[in-house]
Amino acid sequence: MVDGGRILDEATEIAFPRYPGSAGDRRAIGLIEDRFKDLGLETSLEWFSYDLRPANRALRMTLILGAVLMASAGILSQRSPILGLAVLTVALLPAGIFLAWAPWLESLYHRDGNVRTANIIGLHGPAEPRLSLLLMAHHDSKSQSLTFPFRMGLTLITILGTVVLLGLMSAGLMTGRTPGPPMLPALVGGAVAAAMFGLSTMKSRNSSPGAVDNAGSVAILFEAARELTSTLPDDIELIFLSTGAEEDHMIGAMRWLDAHAREFEGRPVYCMNFDGAGAPGRVVLIERFGFGRMFSKVMSAAARRAAARLGIKVRGIVMLPGMGIDAIPFAHRSLPCLTLSSGSLDRATMAVHSARDVAEHLDPDTLEEVARLAIETLKEIAITRDR
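As the structure is a computational prediction, the values presented were derived from the model and not from experiment.

So, how was this worked out
Residues numbered from 1 in each chain as written. Predicted model: local features only at pLDDT ≥ 70, side-chain atom pairs only at ≥ 80, totals over all residues. Heavy atoms only, no water. Helix = DSSP H or I, 4+ residues; strand = E, 2+ residues; numbered from the N terminus. Buried < 20%, exposed > 50% of the residue type's maximum accessible area, 1.4 Å probe, protein only. Contact = heavy atoms within 4.5 Å. Areas by Shrake-Rupley, 256 points an atom, 1.4 Å probe, with all protein chains shown as cover. Pairing = 2+ DSSP bridges. Phe/Tyr/Trp six-rings, centres within 6.5 Å; stacked < 30°, edge-to-face > 60°. Lys NZ or Arg CZ within 6 Å of the ring centre and 35° of its normal. Core = buried A, V, L, I, M, F, W, Y, C linked by side-chain atoms within 4.5 Å. Expected span 1.5 Å × (residues − 1). Axes fitted to C-alpha atoms, helices over the stretch in contact; angles between N-to-C directions. Parallel < 35°, antiparallel > 145°, perpendicular 65-115°, else oblique. Left-handed = near helix turned anticlockwise from the far one by under 90°. Nonpolar A, V, L, I, M, F, W, Y, C, P; charged D, E, K, R; others polar. Polar contact = N/O pair within 3.5 Å; in protein donor to acceptor, adjacent residues only side chain to side chain. Bend = angle between axes of the 7 residues up to and from the residue. Patch = residues over 30% accessible without salt bridge, like charges linked within 9 Å, V, L, I, M, F, W, Y side chains within 5 Å. Salt bridge = Lys/Arg side-chain N within 4 Å of Asp/Glu carboxyl O.

Caption draft 1: Local environment of the overall build of the protein. For the protein, the helix and strand inventory stands at twelve helices and eleven strands. Overall, the protein is about 70 × 40 × 40 Å in size when its C-alpha atoms are taken along their principal axes. Buried residues in the protein amount to 56% of all 387 residues. In the protein, the proportion of contacts linking residues at least 24 apart, taken out of those at least 6 apart, comes to 87%. Accessible surface for the protein amounts to roughly 16100 Å². Of this, 60% is attributable to carbon and sulfur atoms.

Caption draft 2: Up close: the pairing of strand β2 (residues 115-124). β2 sits mainly inside the fold: seven of its ten residues count as buried. In this sheet, β2 lies alongside strand β1 (residues 42-50) in antiparallel orientation, the contact comprising nine bridges. Bridged to threonine 43 within β2 is glycine 122. The sheet contact formed by β2 and strand β6 (residues 236-242) spans five bridges and is antiparallel.

Caption draft 3: Quick peek at the packing of aromatic side chains. Under the defined criterion, the tally for this structure stands at five aromatic pairs. Between phenylalanine 289 and phenylalanine 295, the aromatic rings sit 4.7 Å apart at their centres with planes inclined by 25°, giving stacked as the arrangement. Here the two residues phenylalanine 289 and phenylalanine 295 agree in accessibility, since each one is buried. Lying across the ring of phenylalanine 16, arginine 27 places its NZ or CZ 3.9 Å from the centre. Above the face of the phenylalanine 222 ring, arginine 35 is positioned so that its terminal group lies 5.5 Å from the ring centre.

Caption draft 4: Representation of the nonpolar core in the model. Judged by nonpolar contacts, the single largest core of 62 residues is most densely connected at Leu133, Leu135, Phe274, Leu340 and Leu373. Considering each element in turn, this core owes the most residues, eleven residues, to helix α7 (residues 211-231).

Caption draft 5: Up close: unusual backbone geometry. Of note, alanine 245 is a non-glycine position whose phi angle comes to about 60°, a positive value. Structurally, alanine 245 can be placed in the loop between β6 and α8 (251-260).

Caption draft 6: Spotlight on helix α2 (residues 23-38). Here α2 spans 23 Å end to end across 16 residues, near enough to the 22 Å set by a 1.5 Å rise per residue. Buried residues along α2 sit in contact with α1 (4-13), β1, β2, α7 and β6.

Caption draft 7: View of the packing of helix α3 (residues 53-76) against helix α5 (residues 148-175). Taken N-terminus to C-terminus, the directions of α3 and α5 make an angle of 30°; their axes are 11 Å apart at the nearest point. Between α3 and α5, the angle falls in the class roughly parallel. Judged by the twist between their axes, the crossing of α3 over α5 is left-handed. Only Thr162, Leu165 and Met169 of α5 make contact with α3, whose side of the interface consists of Met70, Ala73 and Gly74. When grouped by side-chain class, the residues that make up the contact of α3 with α5 number four nonpolar, two polar and no charged.

Caption draft 8: Highlighting the side chain of serine 208. With respect to the helices and strands, serine 208 occurs in the loop between β5 (204-205) and α7. From its side chain, serine 208 meets the backbone oxygen of serine 354 in a polar contact 3.0 Å long. Setting aside chain neighbours within four positions, we find serine 208 in contact with Phe16, Pro17, Arg18, Ser141, Lys142, Ser143, His353, Ser354, Ala355 and Asp357.

Caption draft 9: Just the environment of aspartate 326, in detail. With respect to the helices, strands and loops of the structure, aspartate 326 is situated in the loop between β10 (314-318) and α10 (327-332). Each C-alpha atom of the pair aspartate 326 and isoleucine 251 lies 8.5 Å from the other, and the pair is 75 residues apart in sequence. Reaching out from aspartate 326, the side chain makes a polar contact with the side chain of threonine 243 at a distance of 2.5 Å.

Caption draft 10: Focus on α7. With 21 residues, α7 ought to run about 30 Å at 1.5 Å a step, and its terminal C-alpha atoms sit 29 Å apart, in line with that. Residue alanine 224 marks the point of greatest curvature in α7, where the axis turns by about 25°. Taken across its 21 residues, α7 has 18 buried, putting it largely inside the fold.

Caption draft 11: Spotlight on a nonpolar patch on the surface. A surface patch of nonpolar side chains, amounting to about 440 Å² of accessible area, comprises Ile82, Leu83, Leu173 and Met174. Elements that contribute at least two residues to the nonpolar patch include exactly α4 (81-99) and α5. Within the secondary structure layout, isoleucine 82 lies in helix α4.

Caption draft 12: A look at the packing of α1 against helix α12 (residues 364-384). Where α1 meets α12, the axes come as close as 8 Å, and the angle between the chain directions of the two elements is 105°. In terms of axis orientation, α1 runs roughly perpendicular to α12. Residues Gly4, Gly5, Ile7 and Leu8 of α1 lie in contact with α12, whose contacting residues are Pro364, Leu367, Glu368 and Ala371. Grouping the amino acids of the contact of α1 with α12 by side-chain chemistry returns five nonpolar, two polar and one charged.

Have a look at this one:
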């Protein structure tokens, strides 16, 4: 029987700073490995190293270049809307690639480097299963130099300001001049440029206990293992995966998929990812990412049916462009993967990626609801074999 109090207790055990490659990260890897073994799973560690500097340099250069172009587009549009629109288009092309997480960007993360961490894998099931169910939650945490409200505010200024600037220029093309005060395009372009430059200064640190992000989700893996290993048919393979380096652009998920994705050829596989689960409030289905791409219609539909049976209220959301979760590399490989989260814009969510993301923000009732919904959804998928 699913126990929210037990999930909370196990989440509290790993709610300490654990940025990839740190002593806390190694400690968390050991604790999760031991717990998987205690649950009777065939457990292994897959260590990997990486160099984040190429990706960070590319992202920072893109943001700075985009800031310069956005400011220029606003100024130029006062004299020539078509010239301003041309510069705006040039600014949006590289930014759009990063914001939508284009699959080829994974090549930036292939190089080994000075950061070393591991994926922890727990297996249960036959050697030749008819279907595989993968449950995943990253175990690393990070703090950031910009607080959640501040970086979300800068992101929204960038997105909304770009939309306003595009509208002003489009109107200018049709009427011969941009609407409103003459300086309006320059002011909007300047605001977007300032926001993009602010985002380019953000750095990661190791001071977050990472309770909501993502100790609660890791503890849900343990609870799901207790339930599913004893209730699913014998021909179902269960894979419990706790990834490393999700906070460093989802590198752990990429490395695991590079090593194992081909093993699923010839049989259906479904992934249930947990990220940010346990923040008080409604259960959240992260159903889309980038510019509206769907993760999995089948899994979303199954989760909504399961929620209706259990009487759990859920809401579906789209990941804002530029934000990343481990489900994205799965989507790049056409593997269905739905992410369960929870909460709203309250103090628990606002504390994510800061030293204030503590276990006291986790709600046992919400943790239990997320676990029950995941288990019910996967049981339905195991029976119906939908693809």
